[in-house]
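Listed below, chain by chain, are the residues.
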Amino acid sequence: MGQDTFYELTKRSIPVTKNTGTGLSCRDSVITVRTDKGMNFLDFSYDLHCHYKDLDLYEFSIPSPKNSPAMSLCKSKFLNNEMNNYDYTEMLVDSSFWPHNNTLTEEMTHIIKSAWSPPNFIENKSVLSILNNIGGVEMFVQQQYQFKTVLDLSTYCKESLDHNPSPKTFEELKTSVYLVETCSICWAPKLNTDRSCYFVTAQKDGCILFWQIFNTEPPILKEKVKTCLSVIKNMLWIPRTETTFWLICANILGQVNVFVMQTVNGDISFLHPHLLWEYKDRMVASHLQYINHKDGLILFYGKHRHLIVQLVDANFRVITEHMENVNDYRITNIKRAIDGYYLSTVNVKIYKLDISLLGQTLNVELSPVDLKESYSTYELYSLCFSETGTLCMLGMVDRRHLCRKEPLKVEVIFLSTDAKLNSIMTLLLNNPTEQLTHYWDCIEALRYNIIKTKSMPELDYDSLYRQGSNEIYKLKIYLIVLIFFLNMQKMALISSDFTLPELSVDKVKEKILFLHAQSNIGSLYKKYQKSGELTKLEKESLFGSISYLEYCAKNYKSEVVVDQNILKFGKENNFEYPCQSCDSTISEGERPPLELKLGQ
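If you check an unreviewed UniProt entry, the protein chain appears there as Transcription factor IIIC 90kDa subunit N-terminal domain-containing protein from Arctia plantaginis.

Shown next, in the form of structure tokens:
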């Protein structure tokens, strides 16, 4: 991938009020784009019948949250009294005190950081946590094409910390505000056994809070670590053993610290701190990444124009380190993809990052990635890859002197390579999960490539259809290919010599439903044998699956084999459904008898 040429598939422009850069991230096929006023989302439309010679994307957005735990503090009564000019100026310059004025809060609040939780957390989806510049933390979860708030952590930060609720002087106000406001956030990389997840917030006074976030219950503050650090800008949770983890913290002075933490029976405790980068160079360590190595790890991050790579042993000693000026331009991102790590700089240069260890000597290689377009007038602020690595997204700002003839905008540019597009079918067929849940970037790129090349991928479709007789996932892949083929035929974009073994979409869909019904019957009956009971919904699902098999036996006049024990158990509850037109009970009519053998 690093040697192939990336070329542009499509781009999306997002209007902004000022060009201050942007940040991209991707999770569950959703691409987030951070702008000056909120968070924009790009998601696939999931339309197999789309005829666009482009990626079919749906865009929606949420405004920047305006919440702050210091809202009531900054509106204390003493502010109505006289203040000296120095204190008043600090209140206007420091965003921590902007909640004292509604206009400042409304006009100047923006998102400074966002972070995704591990997959399948709340409502079987990842949670997006957002931190604004006035210290508020809010969490969102996707529902269809919208994100809804599931937790405002700012309220709990204020309630859990011992602060002065009625400051009398500006110094007292500053102490309380810096205690309750958050300056950085971080998720644990995995869910706990009880489906909860740990979340870390760093307060502006240097205090680090460890939270346990639940699906429906209020969050619990598990540990509070007092530090002497200045404002912490970036954090990274690194699991070490089943009971310990390291929390890497980079502060505004440029230092990098590691806090060794322990988890026992759901409780978090602080063990000891260590300093990994002691110099107060005023260059904040950003884009923290790591690679496990024996008992230690290789930690690497960006410091303005420099790439720092450190080998840290199990005793937290820096054995050796490597510092390199990449290309004399600011590093804007270091991201992990399927095939390794990539580094980008603001002058639209992307490098494949290879780190190896020869003895105790670090070998760092930066291989330039070939871009077909030059983007000479652009600045690159963010880089990310789709879940499968098929698509590469760049967050760019065009810095041409337009004399205000064009509106300001952030452009999200989608890239890929010929090698990636040509290997999509192989990637889909070799999917270890055998689910299409997070593979829609492959499907959308496949549709794009078929329309672009006006040809179907080279594959033994007869063999794929035969395999689909017993494998649901293979039959789903065949159905997708079939829909793309029929669309191409309608548009007369494909040769008449090419054909597929089965051209009926309805027939393929019924086969998929038939296989699903068989699989559902077998899994539910095994669960009943193991636990001795099923929920009402599971019983209804079992009844519906058996009814569908009976429908197939009648409609196709073929024998459907079902185990008699399953049939008897599934028919113990006869569920009836009213007609949506006349409200009378739907009559299923006569059916041929069933004989089932589990596994056929």
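That shown, we press on.
Peer 1: So what's going on with helix H7 (residues 440-453)? Residues and values would help.
Peer 2: Think of an α-helix as 3.6 residues a turn; residues three or four steps apart then line up on the same face. Given a rise of 1.5 Å per residue, 14 residues ought to cover 20 Å, and the 20 Å separating the end C-alpha atoms of H7 matches this to within 8%. Along H7, 12 of the 14 residues are buried, which leaves the element largely enclosed by surrounding structure. Buried residues along H7 sit against strand E1 (5-15), strand E4 (38-44), helix H5 (418-422), helix H6 (424-429) and helix H9 (472-490). Trailing H7 by a residue or two, Lys 454 shows a phi angle of about 55°, which is positive.

Peer 1: Pulling in residues and values, what's your account of the side chain of Arg 447?
Peer 2: Among the secondary structure elements, Arg 447 is positioned in helix H7. The exposure class of Arg 447 is buried, given its relative accessible area of 2%. One polar contact links the side chain of Arg 447 to the main-chain carbonyl oxygen of Cys 50, over a distance of 3.4 Å. At 2.5 Å, the side chain of Arg 447 forms a polar contact with the side chain of Glu 444. Arg 447 has contacts with Asp 47, Leu 48, Cys 50, His 51, Tyr 52, Asp 54, Leu 55, Asp 56 and Phe 484, leaving out every residue within four places of it along the chain.

Peer 1: Please set out the packing of aromatic side chains residue by residue, giving values where relevant.
Peer 2: According to the stated counting rule, one finds 26 aromatic pairs in the structure shown. Each ring, one from Trp 237 and one from Phe 245, has its centre 3.7 Å from the other, and the planes form 10°; the classification is stacked. Under the relative-accessibility criterion, Trp 237 is labelled buried at 8%. Here a set of aromatic residues connected by ring pairs shows up, and it is made of Phe 41, Tyr 58, Phe 60, Trp 116, Tyr 145 and Phe 147. The side chain of Arg 240 reaches across the aromatic face of Trp 246, ending 4.6 Å from its centre. Residue placement shows Lys 372 over the ring face of Tyr 7; its charged tip is 6.0 Å from the ring centre.

Thresholds applied
Residues numbered from 1 in each chain as written. Predicted model: local features only at pLDDT ≥ 70, side-chain atom pairs only at ≥ 80, totals over all residues. Heavy atoms only, no water. Helix = DSSP H or I, 4+ residues; strand = E, 2+ residues; numbered from the N terminus. Expected span 1.5 Å × (residues − 1). Buried < 20%, exposed > 50% of the residue type's maximum accessible area, 1.4 Å probe, protein only. Contact = heavy atoms within 4.5 Å. Polar contact = N/O pair within 3.5 Å; in protein donor to acceptor, adjacent residues only side chain to side chain. Phe/Tyr/Trp six-rings, centres within 6.5 Å; stacked < 30°, edge-to-face > 60°. Lys NZ or Arg CZ within 6 Å of the ring centre and 35° of its normal.

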